[in-house]
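Reading the structure
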Amino acid sequence: MDITQQQKETEQTALWNGRAGHAWVDAQELLDAILQPFEDRLVDEVRAGSAQRVLDVGCGTGATTLAVARLLAGAQGSCIGVDISQPMIAAARARAQHEGVPASFICADAQRHAFEPASFDMIISRFGVMFFDSPVQAFANLRHAARGGAALRALAWRSPAENPFMTTAERAAAPLLPNMPARQPDAPGQFALADPHRVRSILEESGWTGIDIQPVDVACTMPEKDLRGYFTRLGPLGLMLQEQAADERTRAQVIDTVRAAFDPYVHGSEVHFTAACWMIGAQAASA
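Residues numbered from 1 in each chain as written. Predicted model: local features only at pLDDT ≥ 70, side-chain atom pairs only at ≥ 80, totals over all residues. Heavy atoms only, no water.

A tally of helices and strands in the protein yields twelve helices and eight strands. For 287 residues, the compact-globule estimate of 2.2 N^0.38 gives 19 Å, and the C-alpha radius of gyration of the protein, at 19 Å, lies within 12% of that figure. Structurally, the protein occupies a C-alpha span of about 60 × 45 × 30 Å along its principal axes. The burial tally for the protein puts 51% of its 287 residues in the buried class. Sequence-distant contacts, at least 24 apart, represent 83% of the contacts inside the protein between residues at least 6 apart. For the protein, the exposed area adds up to about 13,100 Å²; of that, 51% sits on carbon and sulfur atoms. Averaging the coordinates of the 24 positive side-chain charges in the protein and doing the same for the 33 negative ones gives two points 1 Å apart. (Helix = DSSP H or I, 4+ residues; strand = E, 2+ residues; numbered from the N terminus. Rg over C-alpha atoms; globule rule 2.2 N^0.38 Å. Buried < 20%, exposed > 50% of the residue type's maximum accessible area, 1.4 Å probe, protein only. Contact = heavy atoms within 4.5 Å. Areas by Shrake-Rupley, 256 points an atom, 1.4 Å probe, with all protein chains shown as cover. Lys, Arg positive; Asp, Glu negative; His and termini not counted. Charge placed at Lys NZ, Arg CZ, Asp CG, Glu CD.)

Next up, the structure:
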């Protein structure tokens with residue numbers, strides 16, 4: 001691994017084991033509600049197949065892992081979630097224990113973790129596969145963990161231009177916060193897999209076949225009362241507000257400016273937006 005890769009790995013590990021990971025744990029209920037339609041789609045994909053042993057990559061606080069584990073429990077199947085974030089895995093394990101769901105979780109980097117070879121007959125992910133510093137290595141490692149013919153079903157975001165809601169906060173705040181970091185195309189992060197041609201190339205190079213990448217547009221909703229908490233805790237602006245000291249006047253100005261920028265999405269007591277994503281499908285090539 002070169003120095004650049006080591007730096008990126010350290011950045012991702014630090015990010016998801018630091019403020020970002022804790023922010024996602026704190027916002028678990030809100031985020032699960034917003035992302036429920038995507039969880040439902042992946043559960044439907046598992047239901048439509050014959051998988052008995054499923055791996056959920058980038059499982060976060062475990063909502064999708066738990067949903068699939070509930071589905072498979074009656075058929076003696078299982079679902080394992082893997083994530084690099086210790087705080088999110090701790091929350092997922094606590095949820096599984098509290099709800100009595102037979103799901104299990106691994107705190108590890110799915111890109112490099114030594115999974116048992118050919119041990120899963122389906123691999124799923126709800127927005128958890130965009131953060132690898134070496135995507136080919138990551139998907140090759142997942143292919144190694146998959147049985148021949150196993151299905152891959154992963155949801156990933158399309159481009160920032162197709163997801164204006166997701167970049168509203170940083171665009172509105174940028175004139176007031178000149179140090180706001182710019183998103184880097186193809187870098188680990190929310191939009192790393194926005195280019196379907198790049199995704200296809202990554203999957204082909206890492207041993208996946210039958211690649212099918214379909215656009216998915218999903219209507220999402222959140223309570224307006226949670227909007228300020230959403231953009232001040234999550235995403236690039238949320239991290240910046242937490243990590244970098246700003247005087248109270250500037251902070252208040254940023255929050256008011258950003259909240260006003262979200263007005264087109266606010267309808268009474270609710271916020272409505274469309275999430276533009278890819279459903280990435282593939283099969284593990286037989287050895």
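Turning our eyes to something else, we now look at the confidence of the model for the protein. In the predicted model, the protein carries a mean pLDDT of 92, and 95% of its residues have values of at least 70. Counting contacts from residues 1-8, a segment whose pLDDT is below 50, to residues more than four positions away or on other chains yields seven contacts. (pLDDT = per-residue confidence, 0-100.)

Here the focus is the packing of aromatic side chains. Evaluated as defined, the whole model comprises 13 aromatic pairs. Ring centres of Phe115 and Phe120 lie 6.3 Å apart, and the angle between their planes is 85°; this geometry places the pair in the edge-to-face category. A relative accessible area of 2% means that Phe120 is categorised as buried. Seen in terms of ring centroids, Phe165 and Phe273 are 3.9 Å apart; in terms of plane orientation they differ by 0°. Their pairing is stacked. Of this pair, Phe165 sits in helix H8 (residues 164-173) while Phe273 sits in strand S8 (residues 270-284), and the two are 108 residues apart along the sequence. One exposure class covers both Phe165 and Phe273, and it is buried. (Phe/Tyr/Trp six-rings, centres within 6.5 Å; stacked < 30°, edge-to-face > 60°.)

With that settled, consider the packing of helix H4 (residues 36-48) against helix H5 (residues 63-73). One can describe the packing of H4 onto H5 by two numbers: an axis separation of 10 Å at closest approach and a directional angle of 35°. Seen from above, H4 lies across H5 with right-handed handedness. Residues Glu39, Leu42, Val43, Val46 and Arg47 of H4 touch H5, and the partners they reach there are Ala63, Thr64, Ala67, Val68, Leu71 and Leu72. Of the residues assigned to the contact of H4 with H5, the class counts are eight nonpolar, one polar and two charged. (Axes fitted to C-alpha atoms, helices over the stretch in contact; angles between N-to-C directions. Left-handed = near helix turned anticlockwise from the far one by under 90°. Nonpolar A, V, L, I, M, F, W, Y, C, P; charged D, E, K, R; others polar.)

Bringing empty space enclosed by the protein into the picture now. Tallied over the full model, the rule gives one cavity of 30 Å³ or more. Taken together, Val129, Met130, Phe131, Phe132, Pro135, Asp186, Pro188, Ala192, Leu193 and Arg198 form the lining of the largest cavity. Residue classes in the lining of the largest cavity are distributed as eight nonpolar, no polar and two charged. (1 Å grid on protein atoms, 1.4 Å probe; cavity = no way out; pocket = protein on both sides within 12 Å on 5 of 7 lines; lining within 4 Å. Points joined across faces, edges and corners; volume = space filled by probe spheres on them.)

Right, let's get into helix H9 (residues 196-205). By the burial criterion, the buried members of H9 are Val199, Ile202 and Leu203. Each buried residue of H9 sits inside an arc of 95° when the element is viewed along its axis, so together they form one side. Exposed residues lying more than 90 degrees from the buried face of H9 are His197 and Glu205. Lining the buried residues of H9 we find helix H7 (135-145), strand S5 (146-157), strand S6 (208-223) and S8. (Arc of directions from axis to C-beta.)

A word on the pairing of strand S4 (residues 120-126). Two faces, one strand: in a regular strand the side chains alternate between the faces of the sheet. Counting buried positions along S4 gives seven out of seven residues, so the element sits mostly inside the fold. Examined bridge by bridge, strand S1 (residues 53-57) and S4 share three bridges and lie parallel to one another. Within S4, the residue paired with Asp56 across the bridge is Ile124. Two elements, S4 and S5, share six bridges in a ladder whose sense is parallel. Looking at S5, one finds that Ile124 is bridged to Arg153. (Pairing = 2+ DSSP bridges.)

Non-glycine residue Ala118 carries a positive phi angle of around 50°. Within the fold, Ala118 resides in the loop between strand S3 (104-107) and S4. You can call Ala118 partly exposed: its relative accessible area is 41%. Not every positive phi belongs to a glycine, and Phe127 is a case in point at roughly 60°. Along the chain, Phe127 falls in the loop between S4 and H7.

Before going further, it helps to spend a moment on the side chain of Gln190. The topology assignment puts Gln190 in the loop between H8 and H9. By relative accessible area, Gln190 is classed as buried at 17%. Of note is the side chain of Gln190, whose polar atom sits 3.4 Å from the side chain of Arg183. Leave out the neighbours within four places in its chain, and Gln190 touches Met130, Phe131, Trp157, Met166 and Arg183. (Polar contact = N/O pair within 3.5 Å; in protein donor to acceptor, adjacent residues only side chain to side chain.)

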